[in-house]
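Remarks on the overall topology
One-letter residues, chain by chain:
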Amino acid sequence: MENYVASAGGIMVPTDGNAKVQAHNSCSPDSDDSLSPRHTGIIAHADLSGLMAKLAENHTPPKILVLTCTDYRISASDFFNLPPGKAFIQKQVGGFLTRNLSAAAAFHASLAVAAGIKEVQDIFIMTHSDCAAAKIAVQFPKEGMVPQDMAKNADIETIQRYVLQVSDKIPWLSRIFYQMQNGGHPLPAEDLMAAHLGIESYKNLMGIKLFHNQTRTTSEMVDMGQVRVSLLHLDLGKKSKTNPDLYERMPALYEYDPITGQFFISRRCNVSDFDGVGLNCGYHEITPMDGAITDASEHLQIKYSDILLAP
Ligand SMILES: [Zn+2]
């Protein structure tokens, strides 16, 4: 007789590692659109015993913390090629850090666990293109801009309040990025906003006292050689309008260099340069169309001094 354990949504999963999940969908084809109150149909982990064994292999807490966006397309474990239990992964909208961390109690507590108590050594902030939070930041840069008759205005205002806590430069940046987009820049204003709110988040993180019982800033820990911080921007790419198998702009992972203030294609792709973990890029599996942008790093650079601020 097989042993069963309860799983998410009450689905019974055989503990035999090779057995198929006993998930089923209770909706008949002619049922209405309303959801069953139970999570029937959710696919549970098919190999719970195998997962627990893998977790047991990792006795020590991970030394990696990844801060990235809530977006369902951003699977940090896949991009960083992380086995189970190898990193703290903190997802919040945009992957941004606000200026006043203590005002965000849940997030602050998460960082107190990972950075403070467990003393992570590698911190990654990863923003991405086509990001809802960046779109709201660039479209509604000032509080109160969201039209009250707009559908979902309450949700947009909630996200707007959050992004305004990341940077007080959002209205200025928004104007600059729209000027660039309207002037024929190859990246949309929202993607420039996402990458640059990443820079603001990076600066916010460096100034926060997260280590040594909240007596040392991240920046001090970096200077002491005890912590590394990387800002990444994941460009999901842009598909050709005429042929969805081709890309107008290739997906790529970019890394920010705080010394020069520039983004470049991450040299960590497919390279294990710290403790068994490498970044996993699917960059080579898709085809660029003629004239496609294969390196958007130069387009991510903003030379503020070169831009005339039109009134
Ligand atoms: Zn996002």
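Our subject is the structure that appears above.
Predicted model, so just to flag it, every value in this text is computed and none were measured.

1. Side note on the packing of helix α6 (residues 170-182) against helix α7 (residues 189-207)
Here α6 crosses α7 at 140 degrees, and the two axes come no closer than 8 Å. It follows that α6 is oblique to α7 by the angle criterion. Considering how the two elements wind past one another, α6 and α7 form a crossing that is right-handed. On α7, the residues that touch Leu173, Ser174, Phe177, Tyr178, Met180 and Gln181 of α6 are Ala189, Leu192, Met193 and His196. Here the contact of α6 with α7 is composed, by residue class, of 7 nonpolar, 3 polar and no charged.

2. Here we look at the sheet that holds strand β3 (residues 64-68)
Read from one edge of the open sheet, 6 strands run β4-β3-β5-β8-β11-β12, paired in mixed fashion. The sheet is open, and its two edges are formed by β4 (88-91) and β12 (262-265), each paired on a single side. The mean inter-strand angle of the sheet, taken between neighbouring strand axes irrespective of direction, is 25 degrees. By the bridge criterion, 4 bridges tie strand β8 (residues 228-235) to strand β11 (residues 252-257) in an arrangement that is antiparallel. Pairing of aspartate 235 across the sheet is with alanine 252, part of β11.

3. Points about the pairing of β11
Within β11, 5 of the 6 residues are buried, which leaves it mostly tucked inside the rest of the structure. In this sheet, β12 lies alongside β11 in antiparallel orientation, the contact comprising 4 bridges. Note that in β12 the partner of aspartate 257 across the bridge is glutamine 262. In this structure, the hairpin formed by β11 and β12 is closed by a connection of 4 residues, where glycine 261 is found at a positive phi of approximately 70 degrees.

Cut-off values and rules
Residues numbered from 1 in each chain as written. Predicted model: local features only at pLDDT ≥ 70, side-chain atom pairs only at ≥ 80, totals over all residues. Axes fitted to C-alpha atoms, helices over the stretch in contact; angles between N-to-C directions. Helix = DSSP H or I, 4+ residues; strand = E, 2+ residues; numbered from the N terminus. Parallel < 35°, antiparallel > 145°, perpendicular 65-115°, else oblique. Left-handed = near helix turned anticlockwise from the far one by under 90°. Contact = placed C-beta atoms within 7 Å. Nonpolar A, V, L, I, M, F, W, Y, C, P; charged D, E, K, R; others polar. Pairing = 2+ DSSP bridges. Buried ≥ 20, exposed ≤ 12 C-beta atoms within 10 Å, placed from the backbone.

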